[in-house]
Amino acid sequence: MSIQTDMRAAFGVLKASQPELVVQVACAGTTANGIRNTQRMDADLGSGGNEVGLTANRVHVSLADMSVPPRGAAITVAGAEAIVTAVNTDSAGALMVIEYQLQRPVVIDPNG
């Protein structure tokens, strides 16, 4: 067995043992199951000067299931539309980490 085969097998075991972490990822007509982690919320100003929330995430996907999306590509993760901000692949060519960002309005509570 190669390290690539071993890593893909381990990733499959992880997805099977932690189904609550598994999300569907779609890009350019291809759909794969990945593992989402590392969510971060930042407030920013939108193009019209309105406040928006920027949610940055990462999803791990097997390179056997999906090709590497280019930076700026539109993807869907767990039904939410997003934009790819970066992609990193492991040296064995088995897995990739897609960093992406969602945009949503920020709800500000007037009561603090």
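Quick caveat: nothing in here was measured; it's all calculated off a predicted structure. (Residues numbered from 1 in each chain as written. Predicted model: local features only at pLDDT ≥ 70, side-chain atom pairs only at ≥ 80, totals over all residues. Heavy atoms only, no water.)

### A few points about the overall build of the protein
Logical step 1: Summing up its helical and strand segments, the protein has 1 helix and 6 strands in all.
Logical step 2: Going from N to C terminus, the protein has its helices and strands arranged as α-β-β-β-β-β-β.
Logical step 3: A burial count over the protein gives 28% of its 112 residues as buried.
Logical step 4: In the protein, the proportion of contacts linking residues at least 24 apart, taken out of those at least 6 apart, comes to 52%. (Helix = DSSP H or I, 4+ residues; strand = E, 2+ residues; numbered from the N terminus. Buried < 20%, exposed > 50% of the residue type's maximum accessible area, 1.4 Å probe, protein only. Contact = heavy atoms within 4.5 Å.)

### Considerations on the nonpolar core
Logical step 1: Val25, Val59, Val61, Met66, Ile75, Ile98 and Tyr100 are the most contacted members of the largest nonpolar core, which has 16 residues in total.
Logical step 2: Discounting chain neighbours no more than four positions away, the residues touching Val61 are Phe11, Val25, Ala32, Gly34, Met66, Ala94, Leu95, Met96 and Ile98. (Core = buried A, V, L, I, M, F, W, Y, C linked by side-chain atoms within 4.5 Å.)

### Topic: the pairing of strand β4 (residues 74–77)
Both faces of the sheet carry side chains from a regular strand, because those side chains alternate between them.
Logical step 1: Burial along β4 is one-sided: the face carrying Ile75 and Val77 is buried and the face carrying Ala74 and Thr76 is not.
Logical step 2: Bridging between strand β1 (residues 22–27) and β4 involves 2 bridges; their strand directions are antiparallel. Following the sheet pairing, Val25 is matched in β4 by Val77.
Logical step 3: Here β4 folds back onto strand β5 (residues 80–89) in antiparallel fashion, the turn holding 2 residues, of which Ala78 has a positive phi close to 55°. (Pairing = 2+ DSSP bridges.)

### Let's talk about the pairing of β5
Logical step 1: Two strands pair when backbone bridges link them, and β4 and β5 are joined in this way by 4 bridges, in the antiparallel orientation. The residue bridging Val77 from the neighbouring strand is Ala80, located in β5.

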